[in-house]
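# Working through the structure, step by step
Below, each chain spelled out in residue letters.
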Amino acid sequence: MEPKDSPMPRWSLSSGSGLHYGSFVNSLSSLTPKAEETEEPAISQRRSYIAVAVLCYINLLNYTERYTIAGVLPDIQQFFGINDGTSALIQTVFICSFLLLAPLFGYLGDRYNRKYIMIGGLIVWLVTAAGSSFVTESHFWLLMLLRGMVGIGEASYSTIAPTIIADLFVGTKRSMIICIFYIFIPVGSGLGYITGAGVASITGDWRWALRITPILGVVGLFLLVFLCPNPPRGAAETHGEGVSGQSSYLEDVKYLLKNKTYLWSTMGVTATAFLSGALAFWMPTFLSRAQVSQGLRPACVKEPCDSTDSYIFGAVTVLTGILGGILGSGLSRWLREKFPKSDPLICASGLLGAAPCLFITIFVASTSIPATYVFIFFGEILISLNWAVMADILLYVVIPTRRSTAEALQISVGHLLGDAGSPFLVGAISDALSKSKPVSPESSFHSLKYSLLVCPVVGILGGLFFFLSSLYIIGDRKAAAQLVEGGPREPQDPSSEPPIELSNADKTNHEDNLSQSI
């Protein structure tokens, strides 16, 4: 891979133009056309839509594979003889490797050929995901290791794919495409439960459930190689010319830390990830234990276990993901022109509305399973409002040459404080509560029920984080747009860093550099 894609984009956002860090943030002097470069034609709409279809297909497989484990979790617990806390480590190890490597892929994605990075990551994902299905019952540690390596492949893809979409489309069309891309998160998650439970039921072996997505992933690999382009960074905003950047990683991080919208929305994303991770991993098991507690079905003592709840919860997740994603994106496009702060407020409303639904879900499961599914349905729709909207927020408040880094850091923080720990935290609390009671189906249900109460609390906190981001979004969005388009920059907020004053010598040096670049 060459450090810079060829040919070089004509618009430069370089931090090495004779100014120290801060000139990039506080002036547009470095945004200069390079006349000696030939103009890069824009990628055709047809090719762009084909690329989006490929990226959406791989995104679907990523999340299907991730939640196949949750669809066969009771079988895995029986096969390896593990408790709630230990079984939750399967997901925690995967997420930890995912979040630790995301910053690395973000750094590479802002500087190297993004298509090659995704291809390499997808190959690692295919090999390790398939390999985890061949682990024997005496080698649980090997399953943990392979699940951790699966996270390497997903980190490369999830960090970079949204930035490619951002460089193919702009404005309301970008919002629509991002909505479609992120709808495949809950759709893939729901299909993971259905696929896992269905294949395990048909074959009588849960390990076959882990082999389906790698087989389909081979198709995705070939599609990615032959049909997905690597557009110039910022191509959509500069009519195909692109934007180049030569800033250091430390400068990228400093830039993001000054972006208040990015910081607060990242905390909101973290809360959303916490909820999604805990509910996705534990809700099918919780519903199964609720029915055992009510005497509606016998307890599972030997695999394969009853997978009915995985089927139903998977179908609900798919449906609510589609409806919530479309509703959230539609509200965003409708309200954004009238109310510039609407996007973070939509996300805040989704999490604040989901909190009481989750609270009711947890307690009504003791008496009525149909009513439980009703509140799960409304709670998941409200959470799904956020997926496309919060991704769109990042893309329009961060400049093109730092989007991969921004995505990577948001993924790392979101998973580290979100779904990396939430399944394990819920499982650990459940184990701690069950130790004080005799072992029985009723005690295992009630211990898991009370441990899930952490979810509505986190939902309320997430809503507050998104509300705080709405206070800064107008200024941050204008700043990012003006840096790319070439207009003067307005302060992000009253506490923003003041413009840097240049000495006469600095001005002379900068003018010389500017004239040379022209």
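One structure accompanies this document, and this report is about it. Here the structure is a predicted model, which is why all the values come from computation and not from measurement.

For the chain, the helix and strand inventory stands at 20 helices and three strands. Counting only residues that meet the buried cut, the chain has 58% of its 518 residues in that class. Residue pairs in contact within the chain that sit at least 24 positions apart in sequence constitute 86% of those at least 6 positions apart. Accessible area for the chain stands at about 20,100 Å²; split by element, carbon and sulfur atoms hold 68% of it.

Counting 121 residues, the largest nonpolar core has Leu55, Phe80, Met118 and Leu224 as the members making the most contacts within it. Non-local contacts of Leu55, meaning those with residues more than four positions away in its chain, are made with Met118, Tyr157, Ala161, Ile164, Ile165, Phe181, Leu224 and Cys228.

Before going further, it helps to examine the layout of surface pockets. Computed from the structure, the largest pocket encloses a volume of approximately 880 Å³. Contributions of two or more residues to the lining of the largest pocket are made by α3 (73-80), α10 (260-293), α11 (308-335), α16 (422-434) and α17 (441-451). If one sorts the elements of the lining of the largest pocket by residue count, α10 sits on top with five residues. Split by residue class, the lining of the largest pocket holds 11 nonpolar, 14 polar and nine charged.

Time to look at the pattern of salt bridges. For the structure on display, the rule yields 10 salt bridges. Linking Arg336 and Asp343 is a salt bridge whose minimum nitrogen-to-oxygen distance equals 3.1 Å. An identical accessibility class is assigned to Arg336 and Asp343; each is buried.

Let us look at the side chain of Thr159. Positionally, Thr159 belongs in helix α6 (residues 140-166). A polar atom in the side chain of Thr159 sits 2.7 Å from the backbone oxygen of Ala155. What Thr159 contacts, discounting residues up to four positions off in sequence, is Ala102, Phe105, Gly106, Ser404, Glu407, Ala408 and Ile411.

As a further point, take the side chain of Ser470. Note on placement: Ser470 falls in the loop between α18 (454-469) and α19 (473-485). On the basis of relative accessibility, which here comes to 3%, the residue Ser470 falls in the buried class. Here Phe467 takes part through its backbone oxygen, which lies 2.5 Å from a polar atom of the side chain of Ser470. Ignoring any residue separated from it by four or fewer positions in sequence, one finds Ser470 in contact with Lys341, Pro344 and Leu345.

Right, let's talk about the packing of helix α12 (residues 342-364) against α18 for a bit. With their axes 8 Å apart at the nearest point, α12 and α18 run at an angle of 170 degrees to one another. The orientation of α12 relative to α18 falls into the category roughly antiparallel. Residues Pro344, Leu345, Cys347, Ala348, Leu351, Leu352, Ala355, Leu358, Phe359 and Ile362 of α12 form the contact with α18, whose own contacting residues are Cys455, Pro456, Gly459, Ile460, Gly462, Gly463, Phe466, Phe467 and Ser469. Classifying every residue of the contact of α12 with α18 by side-chain character gives 15 nonpolar, four polar and no charged.

By secondary structure assignment, the location of Ser87 is in helix α4 (residues 84-109). Separated by 337 residues in the primary sequence, Ser87 and Phe424 place their C-alpha atoms 8.2 Å from one another. Not counting residues within four places of it along the chain, the set of residues in contact with Ser87 comprises Leu73, Gln77, Ile82, Phe281 and Trp282. Of note is the side chain of Ser87, whose polar atom sits 3.1 Å from the side chain of Gln77.

Right, let's get into empty space enclosed by the protein. One pass over the structure, following the stated rule, counts five cavities of 30 Å³ or more. What the largest cavity holds in volume is close to 600 Å³. Surrounding the largest cavity, 34 residues form its lining, Tyr63, Ile185, Ser276, Trp387 and Met390 being those nearest its centre. Elements with a minimum of two residues in the lining of the largest cavity: α2 (45-71), α6, α7 (171-203), α10, α11, α13 (369-384), α14 (386-397) and α15 (403-416).

Taken N-terminus to C-terminus, the directions of α3 and α10 make an angle of 85 degrees; their axes are 10 Å apart at the nearest point. As summarised for this structure, α3 and α10 are arranged roughly perpendicular, according to the angle between their axes. Between α3 and α10, the residues in contact are Leu73, Pro74 and Gln77 and Phe281, Trp282, Thr285 and Arg289, respectively. Among the residues forming the contact of α3 with α10, the class breakdown is four nonpolar, two polar and one charged.

Tallied over the full model, the rule gives 15 aromatic pairs. Relative to Phe169, the ring of Tyr49 has its centre 5.3 Å away and its plane inclined at 40 degrees; by these criteria the two rings are tilted. Of the two residues, Tyr49 sits in helix α2 while Phe169 sits in the loop between α6 and α7, which places them 120 residues apart along the sequence. In this structure Tyr49 comes out as partly exposed when scored by relative accessible area, which is 36%. Linked through ring pairs, Phe79, Phe80, Phe140 and Trp206 together constitute an aromatic cluster. Taking the ring centre of Trp208 as reference, the NZ or CZ of Arg211 above it sits at 4.5 Å.

On to the environment of Ala280. You can see Ala280 is positioned in helix α10. Note: C-alpha distance between Ala280 and Phe313 (33 residues apart in sequence) is 9.0 Å. Other than its neighbours up to four places away in sequence, Ala280 contacts Tyr67, Ala70, Tyr193 and Phe313.

Let us now look at a nonpolar patch on the surface. Residues Phe359, Ile360, Phe363, Leu425, Ile429, Leu433 and Tyr450 make up a contiguous nonpolar surface patch of roughly 550 Å² in combined accessible area. Those elements that provide at least two residues to the nonpolar patch are α12 and α16. Inspection of the secondary structure puts Tyr450 in helix α17. Look at Tyr450 and you get partly exposed, because its relative accessible area is 39%.

Secondary-structure assignment places Glu65 in helix α2. With 148 residues separating them in the primary sequence, Glu65 and Thr213 have C-alpha atoms 5.9 Å apart. Setting aside anything within four residues of it in sequence, one finds Glu65 in contact with Trp125, Ala129, Arg147, Val150, Glu154 and Thr213. Within polar-contact distance, the side chain of Glu65 engages the side chain of Arg147 at 2.5 Å.

Calculation notes
Residues numbered from 1 in each chain as written. Predicted model: local features only at pLDDT ≥ 70, side-chain atom pairs only at ≥ 80, totals over all residues. Heavy atoms only, no water. Helix = DSSP H or I, 4+ residues; strand = E, 2+ residues; numbered from the N terminus. Buried < 20%, exposed > 50% of the residue type's maximum accessible area, 1.4 Å probe, protein only. Contact = heavy atoms within 4.5 Å. Areas by Shrake-Rupley, 256 points an atom, 1.4 Å probe, with all protein chains shown as cover. Core = buried A, V, L, I, M, F, W, Y, C linked by side-chain atoms within 4.5 Å. 1 Å grid on protein atoms, 1.4 Å probe; cavity = no way out; pocket = protein on both sides within 12 Å on 5 of 7 lines; lining within 4 Å. Points joined across faces, edges and corners; volume = space filled by probe spheres on them. Nonpolar A, V, L, I, M, F, W, Y, C, P; charged D, E, K, R; others polar. Salt bridge = Lys/Arg side-chain N within 4 Å of Asp/Glu carboxyl O. Polar contact = N/O pair within 3.5 Å; in protein donor to acceptor, adjacent residues only side chain to side chain. Axes fitted to C-alpha atoms, helices over the stretch in contact; angles between N-to-C directions. Parallel < 35°, antiparallel > 145°, perpendicular 65-115°, else oblique. Phe/Tyr/Trp six-rings, centres within 6.5 Å; stacked < 30°, edge-to-face > 60°. Lys NZ or Arg CZ within 6 Å of the ring centre and 35° of its normal. Patch = residues over 30% accessible without salt bridge, like charges linked within 9 Å, V, L, I, M, F, W, Y side chains within 5 Å.

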